[in-house]
Amino acid sequence: MELWQEMVRDSVHTVDHVVEKFGIDRKTAEDLDEFFQARINPYYLSLIRYPGDPIWLQCVPAKVELEDLDAEEDPLHEDEMSPVPNITHRYPDRALFLVTSQCGIYCRFCTRKRKVGDYEKISMKGLESAFKYLEQHTEIRDVILSGGDPLMLTDTMLEKILQRLRQIKHIEIIRLGTRMPVVLPQRITTKLVNMLKKYHPIYCNTHFNHPWEITEESSKACTLLADAGVPVGNQMVIMKGVNDDPAVVKELMQKLLRIRVRPYYMYMADETKGANHFRTSLETGLKIAEALRGHTSGLAIPHFVIDAPGGGGKIPILPNYVLHMDEEEIILRNKTNGKKPSKTSPNGKPERKKVEEPVLEEV
Ligand SMILES: *Cc1c(COP(=O)(O)O)cnc(C)c1O
Ligand code: SF4
């Protein structure tokens, strides 16, 4: 057994464990276990500093999860976009390939709670029909290995999947959607990255939510990936009590760049059964987006999106910088507008600019 596998085995996961460690009453712990099991490996557990902190909230089962059980179980309607088991095909040229139901920890905010941790829902039996689907659909040029967490597979199993995908000519890029660099960085070994680099171009998207998750171990994991030529991106979810604060997000984004992780998406939390206590207002999200743009490196700024159910997909949200636009003029607002005077707007009024073509800034 490799170290990371031992660490998964040594996770806090039974009802007894949860009661003992976190002082949750037994009946609640049983109900929570029934709803979505706990799994907190010793590494992630060691990042908790005090009860209810941003790390704790992400992994320790909480009674509030049992309060909104009539909310959507599949908020993104992913199951409707699954033509064969293990495949979610929502966008024309790219597809999600679910290769395992297991993860290095179970996140309390997960939008795939209905499947995660359940061997029946994402099973190895579906792999063959998934490969067939990917072979037949020549429009798919980008395959995202997901789950669960694809890095829960052994190196051998993962390599078999990569080999098979690389035999499909129309698949140009392969992405790994994994939280392992954050929650169990010991999984990223030299052996793993040496295997991955045989199958380039491989990209990785991970999921840091808070600056405390950037440690010596997680920095090393991201360095190993980057040194092996795997670009690492980050998808963050805005969550109440975890990171719904512009200063926290800015710190996280800047620290990610230092470990060569490029912020990619920042999501509003989706409406999910048992996770609605994490949701924040759109206004909070916009405040965070505004606090980044112009205030730090463009490289540190992720696309801010809401993931809409079904065909909706990821919808970009922009703070409103265009105050008025008609055929003659466009009125833009800059980052300091209304807060402190600048040369171009001495009295804090919006800056007026005549332009031929409206120019919109892309986030
Ligand atoms: C997010 C997502 C993708 C990838 O989207 P990108 O914008 O290309 O990163 C692909 N399939 C599904 C189902 C998704 O939710
Ligand atoms: S690692 Fe991802 S899939 Fe697994 S529980 Fe966390 S959010 Fe869900």
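Look above for the structure.
In this text the structure is predicted, and so the values were computed from the model without any measurement.

J.: Just checking my understanding: could you explain the overall build of the protein for this structure?
T.: In terms of regular secondary structure, the protein is built from twelve helices and twelve strands. Computed over C-alpha atoms, the radius of gyration of the protein comes to 22 Å, within 12% of the 21 Å expected from 2.2 N^0.38 for 363 residues, which places it in the range of a compact globule. Counting every position in the protein, which comprises 363 residues, the buried fraction comes to 53%. Split by element, the accessible area of the protein, about 17,300 Å² in all, is 52% carbon and sulfur.

J.: Honestly, the nonpolar core in this entry has me stumped. Any pointers?
T.: The tendency in soluble globular proteins is for nonpolar side chains to be buried as a group. Within the largest apolar cluster, 94 residues are counted, with the highest numbers of intra-cluster contacts made by F97, L134, L145 and L165. When sequence neighbours within four positions are dropped, the list of residues in contact with F97 reads N86, I87, L127, A130, F131, L134, V143, I144, L145, S146, I161 and L165. F36, C103, Y106 and V116 belong to the second largest nonpolar core, which has five residues in total.

J.: How should the site of ligand 1 be read in this particular structure?
T.: Taken together, T88, R90, Y91, R94, L96, I144, R175, Y264, Y265 and K314 are the residues near ligand 1. One of the side-chain N or O atoms of R94 is found 2.6 Å from an oxygen atom in ligand 1. Between ligand 1 and R175, the relevant distance is 2.8 Å, taken from an oxygen atom to a side-chain nitrogen or oxygen of the residue. Elements with a contribution of two residues or more to the shell around ligand 1: β1 (87-91), β2 (94-98) and β7 (261-268). Counting residues per element, the shell around ligand 1 draws most heavily on β1, which supplies three residues. The residue inventory of the shell around ligand 1, partitioned by class, reads five nonpolar, one polar and four charged.

J.: I keep staring at helix α3 (residues 26-35) and nothing clicks. Help me out?
T.: In an α-helix, one full turn covers 3.6 residues, which means residues spaced three or four apart are oriented alike. Within α3, the full set of buried residues consists of T28, A29 and L32. For α3, the angular spread of buried residues about the axis comes to 100°, placing them on one side. Facing away from the buried surface of α3 by more than 90 degrees, the exposed residues are K27 and E34. Looking at the packing, one finds that the buried side of α3 touches α2 (15-22).

J.: I keep staring at the packing of aromatic side chains and nothing clicks. Help me out?
T.: We describe a pair of aromatic rings using the distance from one ring centre to the other and the angle between the two ring planes. Overall, the coordinates contain seven aromatic pairs when judged by the stated rule. A ring pair is formed by Y50 and W212, whose centres lie 6.1 Å apart and whose planes are at 80°; its orientation type is edge-to-face. Placement of Y50 in the loop between α4 (42-46) and α5 (54-59) and of W212 in the loop between β5 (202-206) and α10 (216-227) is noted, with a sequence separation of 162 residues between them. Taking relative accessible area as the criterion, Y50 reaches 45% and is therefore assigned partly exposed. The interplanar angle of 85° and the centroid separation of 6.2 Å between the aromatic rings of F109 and F278 together place this pair among those described as edge-to-face. Note that F109 is positioned in the loop between β2 and α6 (127-136) and F278 in the loop between β7 and α12 (282-292), a separation of 169 residues in sequence. Neither residue differs from the other here; F109 and F278 are each classed as buried.

Cut-offs and rules
Residues numbered from 1 in each chain as written. Chains lettered and ligands numbered in written order. Predicted model: local features only at pLDDT ≥ 70, side-chain atom pairs only at ≥ 80, totals over all residues. Heavy atoms only, no water. Helix = DSSP H or I, 4+ residues; strand = E, 2+ residues; numbered from the N terminus. Rg over C-alpha atoms; globule rule 2.2 N^0.38 Å. Buried < 20%, exposed > 50% of the residue type's maximum accessible area, 1.4 Å probe, protein only. Areas by Shrake-Rupley, 256 points an atom, 1.4 Å probe, with all protein chains shown as cover. Core = buried A, V, L, I, M, F, W, Y, C linked by side-chain atoms within 4.5 Å. Contact = heavy atoms within 4.5 Å. Near = heavy atom within 4 Å. Polar contact = N/O pair within 3.5 Å; in protein donor to acceptor, adjacent residues only side chain to side chain. Nonpolar A, V, L, I, M, F, W, Y, C, P; charged D, E, K, R; others polar. Arc of directions from axis to C-beta. Phe/Tyr/Trp six-rings, centres within 6.5 Å; stacked < 30°, edge-to-face > 60°.

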